[in-house]
Amino acid sequence: MARKVLVLGEVRDGSLRNVSFEAIGAANLAADGGEVVGVLVGENIQTLGNEFIQYGADRVITVEDEKLAQYTSDGYAQAVLAVIAAENPEGIIFGHTALGKDLAPRIAGKLNSGLISDVTSIEEAGGNLVFTRPIYSGKAFEKKIVTDGVIFATIRPNNIEPLAKDESRTGDVSSLRVEIKDLRAIIKDVVRKATEGVDLSEAKVVIAGGRGVKSEEGFKPLKELAQVLGGAVGASRGACDADYCDYSLQIGQTGKVVTPDLYIACGISGAIQHLAGMSNSKVIVAINKDPEANIFKIADYGIVGDLFEVVPLLIEECKKLKLNV
Amino acid sequence: MNIYVLLKRTFDTEEKITLANGKINEDGAEFIINPYDEYAVEEAIQVRDAQGGEVTVVTVGNEFAEKQLRTALAMGADKAVLINIEEDVAYGDQFTTAKIISKYLKDKDPDLIIAGNVAIDGGSGQVGPRVAELLGIPYITTITQLKIAGTNVSVTRDVEGDAEIIETSLPLLVTAQQGLNEPRYPSLPGIMKARKKPFEELELDDLELEEDDVAAKTKTIEIYLPPKKEAGKVLSGDMSEQVKELVQLLRSEAKVI
Ligand SMILES: Cc1cc2nc3c(=O)[nH]c(=O)nc-3n(C[C@H](O)[C@H](O)[C@H](O)COP(=O)(O)OP(=O)(O)OC[C@H]3O[C@@H](n4cnc5c(N)ncnc54)[C@H](O)[C@@H]3O)c2cc1C
Ligand SMILES: Cc1cc2nc3c(=O)[nH]c(=O)nc-3n(C[C@H](O)[C@H](O)[C@H](O)COP(=O)(O)OP(=O)(O)OC[C@H]3O[C@@H](n4cnc5c(N)ncnc54)[C@H](O)[C@@H]3O)c2cc1C
């Protein structure tokens, strides 16, 4: 059944996040031949409209206002609800990111609609659009359908394929004027933590360190390995609590949820709260000196040993590999 | 100050999970206060102790949730409310839960509502923001610090590891992130006192809601466990040989590097 589907794009540091392209991919599945309409909210974002179209949106609507320069749920809700009122879509897709998690339930509350959060796959089955999502901290999965009202979902980054970029695609980029009324919560300051390099939640390779890394210094070889493999460094709560690294690296229930192609856990025991953030990774490697560590239960490959011996050897081998291709 | 905590009784996901008749098997399972709601209870108690007022813990669920509510009372909350919908609602979703909670809170004039940022079983993180929207009050999710002076509030919010410092005002709903505080354990005298604290039980009727008003918008059609992973390959031999083998496997078998 052809549906009109809205996709909220998310802009970070002036560019669209990868999850927004995946959201277009998801919307394309949900639209089933219908129209995919990209929505961009912010300030000075007009130029991003074309890129959104090249990734598969049929057209793009922008809402710009200086009050939208930074995300606030009040500002964005007004903007997105105005677009929804104007377009009357049958489907809505957001990324399951900090922004999507904060905003989507509010919009669903306003629309009196359902919302299927943290979706990892979408398929059409038996005349229904079926959404799969992890539950019970990733230990089980459920398939859900919408039984009443607009189909609304947030998608977990790195799980749904984006469409290939097509630079020849064109489409209409129009702007909608929305008068943004007073914001009830004002952001006074943002303390940016170490987020240099590859975005952790979108990285294809993640090298994660736990308490076994033992110090801030101990993260150095992990960083080097990440660099060699073009990946990002992550951490367990144990490592963050011990001050070996910043909380912005934390992976798990409380931190980021990652689904890279390759996850290398170094000195991480594998607590359920950590697994909740990474167990969906395609290939998991565990390096731990304790052969009984829980992490080995979910690892595809394991090395029992001292990470300070193993990781430098890995760096060597991976470097050789790069030279040979 | 009139403080409400939204508390969910959850399956302890550290336990083994099995299915029975296509559902999560709850027989003999361990149930706990959702861990993020423990932070919410603790924060509420601290705010009350500093500002005066009363903490009411609210759960939508069934009779079994009394245990978790009593634990919150033993920690120091003043009152508990169980909205028991066992008899009235066969199937609910986040719309259902939020609608019921907001209907209950509508005429209570809450100054501050604290929820958890996510339930470890259902995992949607929807209920807090939905309730705020239905009540027409602002909300801030995943907070790690809360400071209140009069009706002015300063909040630190965790945004994928970055920290936002936000200024807003009461009435307000916030959702608790790990790092907000260290929840206390109920003390023995606390447990004794909890037995005598006000415990109210309500049904949909008492909230002037019909089953149709709260009918779910979504439906679960299947629950399954991920295919059991075959035991991974734990390598052996000389360490440099193991690493060579690993890189080969990642390259030719797994094809990820
Ligand atoms: C509500 C709640 C939310 C939580 N959220 C999260 C979350 O989001 N993310 C998270 O990660 N945790 C979370 N936790 C914490 C979680 O329960 C664990 O405490 C934490 O993941 C442990 O971190 P760790 O594996 O680094 O440390 P440990 O459990 O101490 O494990 C360290 C491991 O390193 C190994 N090791 C030591 N030295 C070496 C060496 N030289 N070489 C190789 N291996 C070595 C040891 O054998 C051990 O297995 C949460 C807890 C709660 C209660
Ligand atoms: C009668 C009935 C039948 C149900 N049947 C099913 C079913 O078959 N399948 C299914 O998946 N779910 C079912 N549910 C549960 C329901 O869909 C959700 O679990 C619930 O709405 C909360 O969603 P969540 O777990 O995603 O919580 P989240 O939105 O992640 O919770 C965030 C926070 O909201 C608050 N909160 C959440 N739930 C409650 C609550 N119940 N009471 C008080 N505060 C709360 C807590 O502070 C929590 O930390 C049923 C619920 C009811 C009432």
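Keep in mind the model is a prediction, meaning the values are calculated, not measured. (Residues numbered from 1 in each chain as written. Chains lettered and ligands numbered in written order. Predicted model: local features only at pLDDT ≥ 70, side-chain atom pairs only at ≥ 80, totals over all residues. Heavy atoms only, no water.)

Brief notes about the overall build of chain A
On a plain count of helices and strands, chain A comes out with nine helices and 18 strands. For chain A, whose C-alpha radius of gyration is 21 Å, the value lies close to the compact-globule estimate of 20 Å for 325 residues. Dimensions of chain A, computed from C-alpha atoms along their principal axes, come out at roughly 60 × 50 × 40 Å. Per-residue burial for chain A yields a buried fraction of 61% across its 325 residues. On chain A, roughly 12,500 Å² of surface is accessible, and the fraction owed to carbon and sulfur atoms is 47%. (Helix = DSSP H or I, 4+ residues; strand = E, 2+ residues; numbered from the N terminus. Rg over C-alpha atoms; globule rule 2.2 N^0.38 Å. Buried < 20%, exposed > 50% of the residue type's maximum accessible area, 1.4 Å probe, protein only. Areas by Shrake-Rupley, 256 points an atom, 1.4 Å probe, with all protein chains shown as cover.)

Considerations on the site of ligand 2
The environment of ligand 2 is made up of 29 residues, and the closest members are K8(B), D37(B), T97(B), S124(B) and G125(B). The environment around ligand 2 is built from residues contributed by chains A and B. Contacts to ligand 2 include L7(B), whose backbone N or O atom sits 3.5 Å from a nitrogen atom. Take G116(B): an N or O atom from its main chain is 2.9 Å from an oxygen atom of ligand 2. When its residues are assigned to classes, the shell around ligand 2 shows 13 nonpolar, 12 polar and four charged. (Near = heavy atom within 4 Å. Polar contact = N/O pair within 3.5 Å; in protein donor to acceptor, adjacent residues only side chain to side chain. Nonpolar A, V, L, I, M, F, W, Y, C, P; charged D, E, K, R; others polar.)

Examining the domain arrangement of chain A
Residues and elements named next belong to chain A. Domains assigned within chain A are domain 1 (5-175) and domain 2 (200-324). Of note, the centres of domain 1 and domain 2, computed from C-alpha atoms alone, are 30 Å apart. Taken together, the contact pairs 12 residues of domain 1 with 13 residues of domain 2. Summing the contributions of domain 1 and of domain 2, the shared interface buries around 1,100 Å²; its carbon and sulfur component is 37%. Of all residues in domain 1, S137, R156 and N158 give up the largest surface area on contact with domain 2, accounting jointly for 52% of the area buried on that side. (Domains from an automatic or database assignment. Contact = heavy atoms within 4.5 Å. Buried area = accessible area lost by both parts, 1.4 Å probe.)

Points about the sheet that holds strand β13 (residues 186-191) of chain A
Pairing is mixed across the open sheet formed by 10 strands, whose spatial order is β13(A)-β11(B)-β10(B)-β9(B)-β12(B)-β8(B)-β1(B)-β6(B)-β7(B)-β13(B). Both outer strands of the open sheet, β13 of chain A together with β13 (199-202) of chain B, are each paired with one neighbouring strand and no more. When strand polarity is set aside, the average angle formed by the axes of neighbouring strands in this sheet is 25 degrees. Bridge count for strand β7 (residues 79-84) of chain B against β13(B) is four bridges, and the pairing is parallel. Residue pairing in the sheet places V81(B) in a bridge with E200(B) of β13(B). Sitting on the sheet, helix α4 (residues 98-111) of chain A touches β9 (139-149) and β10 (152-159) of chain B, and the angle it makes with β9(B) is about 85 degrees. (Pairing = 2+ DSSP bridges. Axes fitted to C-alpha atoms, helices over the stretch in contact; angles between N-to-C directions.)

A short note on the side chain of N84(B)
Residues and elements named next belong to chain B. Note that N84 resides in strand β7. Judged by its relative accessible area of 10%, N84 is buried. Only 3.1 Å separates the side chain of N84 from the side chain of E201, close enough to count as a polar contact. For N84, the residues in contact, after removing those within four places along its chain, are G61, N62, E63, E201, L202 and E203.

Some thoughts on the nonpolar core
Ranked by internal contacts, the top residues of the largest apolar core, which has 41 residues, are V41(B), V57(B), L112(B), I140(B), L146(B) and L172(B). Take this core: its biggest share by element is seven residues, from helix α1 (residues 35-51) of chain B. Beyond its immediate sequence surroundings of up to four residues, V57(B) is in contact with V5(B), L7(B), V41(B), L69(B), A72(B), A77(B), K79(B), A80(B) and V81(B). Within the second largest apolar cluster, 39 residues are counted, among which are I207(A), V233(A), I287(A) and L314(A). (Core = buried A, V, L, I, M, F, W, Y, C linked by side-chain atoms within 4.5 Å.)

Some remarks on the pairing of strand β6 (residues 54-61) of chain B
Looking along a regular strand, one sees the side chains alternate between the two faces of the sheet. Residue and element names in this part refer to chain B. Counting buried residues in β6 gives six out of eight residues, a clear majority hidden from the surface. The pairing of strand β1 (residues 2-6) with β6 spans five bridges and is classified as parallel. Bridging from a neighbouring strand, V5 pairs with V57 of β6. Pairing of β6 with β7, which is carried by six bridges, proceeds in the parallel orientation. Its bridge partner lying in β7, G61 is registered against N84. Read as a crossover between parallel neighbours, the route from β6 over helix α2 (residues 66-75) to β7 is right-handed. (Right-handed = clockwise from strand over helix to strand, strands pointing away.)

Overview of the interface of chain B and chain A
Listed by partner, the interface residues are 76 residues for chain B and 83 residues for chain A. Between chain B and chain A, roughly 6,800 Å² of surface is buried when both sides are summed, and carbon and sulfur atoms account for 56% of that area. Seen at the junction of chain B and chain A, the total is eight salt bridges. Of the charged contacts, one joins R12(A) and E160(B) as a salt bridge, the two residues approaching to 3.1 Å between their closest N and O atoms. Take the side of chain B that touches chain A: its biggest share by element is 11 residues, from helix α6 (residues 239-253) of chain B. Residues that form the side of chain B that touches chain A fall into these classes: 34 nonpolar, 20 polar and 22 charged. Bridge analysis of β13(A) against strand β11 (residues 162-169) of chain B gives five bridges, and the strand direction is antiparallel. Note on β11(B): the bridge partner recorded for D189(A) is I165(B). (Salt bridge = Lys/Arg side-chain N within 4 Å of Asp/Glu carboxyl O.)

Thoughts on the packing of aromatic side chains
Enumeration according to the criterion identifies eight aromatic pairs over all chains in this entry. Arranged with centres 4.9 Å apart and planes meeting at 70 degrees, the rings of Y71(A) and Y76(A) form a pair that is edge-to-face. We classify Y71(A) as buried; its relative accessible area is 13%. Y76(A) gets classed as buried once you look at its relative accessible area, which sits at 8%. Relative to F31(B), the ring of F11(B) has its centre 5.6 Å away and its plane inclined at 70 degrees; by these criteria the two rings are edge-to-face. Of the two residues, F11(B) sits in strand β2 (residues 9-11) while F31(B) sits in strand β5 (residues 31-33), which places them 20 residues apart along the sequence. Owing to a relative accessible area of 14%, F31(B) belongs among the buried residues under this scheme. Each member of the aromatic cluster is reached from another via a ring pair, and the members are Y136(A), F11(B) and F31(B). (Phe/Tyr/Trp six-rings, centres within 6.5 Å; stacked < 30°, edge-to-face > 60°.)

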